[in-house]
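# Overview (structure and organization)
The residues making up each chain are set out below.
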Amino acid sequence: MLWEVDIYPAPGEPDRAGAAVAAAVGEVGLADKVRVVAAHGYLIQGVLDRQQIDRIAHALLVDAVVERSLIAR
């Protein structure tokens, strides 16, 4: 099974990557104000159930202090 793990800033944490993209869009004149939400992600393939992929994500990929994850097939 193929799993997608997307990692976003935790609520209340700054989205620095999203802010940088929004600033760049403004600098080139494409939009005055635009909201950008940035994430990075991983594709993980294997014979894994939901509990196993949750454990992998939270033990290896996500810094729970400043990040949150969204996991889907």
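Refer to the structure above for everything that follows.
Note that the coordinates shown come from a computational prediction; the quantities given were computed from them, not determined experimentally. Within each chain, residues carry numbers counting from 1 in the order of the written sequence. With pLDDT at 70 or above as the cut-off, local features in this predicted model cover only qualifying residues; side-chain atom pairs require 80 or more to be listed or tallied, and sums for whole chains, interfaces and linings still use all residues. The side-chain quantities take in all heavy atoms of the structure and omit both hydrogens and water.

Glancing now at the layout of surface pockets. In this model, the largest pocket occupies a volume close to 170 Å³. Cavities and pockets are found on a 1 Å grid laid over the protein atoms alone: a cavity is a set of points where a 1.4 Å probe fits but cannot escape, a pocket is an open set with protein on both sides within 12 Å along at least five of seven lines, and a lining residue has an atom within 4 Å of such a point. Taken together, 13 residues line the largest pocket, and the ones lying closest to its centre are Tyr-8, Pro-9, Pro-14, Asp-15 and Glu-67. Here a strand is any run of E in DSSP of at least two residues, a helix any run of H or I of at least four, and the numbering for each starts at the N terminus. At the level of secondary structure, the elements contributing two or more residues to the lining of the largest pocket comprise strand S1 (2–9) and helix H1 (16–27). Here the lining of the largest pocket takes three residues from S1, the largest share from any one element. Grid points are joined across faces, edges and corners, and a volume is the space filled by probe spheres set on the points.

Let us now look at the pairing of S1. For S1 and strand S2 (residues 40–45), the ladder comprises six bridges, and the chain directions are antiparallel. Looking at S2, one finds that Leu-2 is bridged to Gln-45. Relative to strand S3 (residues 67–72), S1 runs antiparallel, the two sharing six bridges. Pairing of Val-5 across the sheet is with Ile-71, part of S3. Two strands pair if DSSP finds at least two bridges between them.

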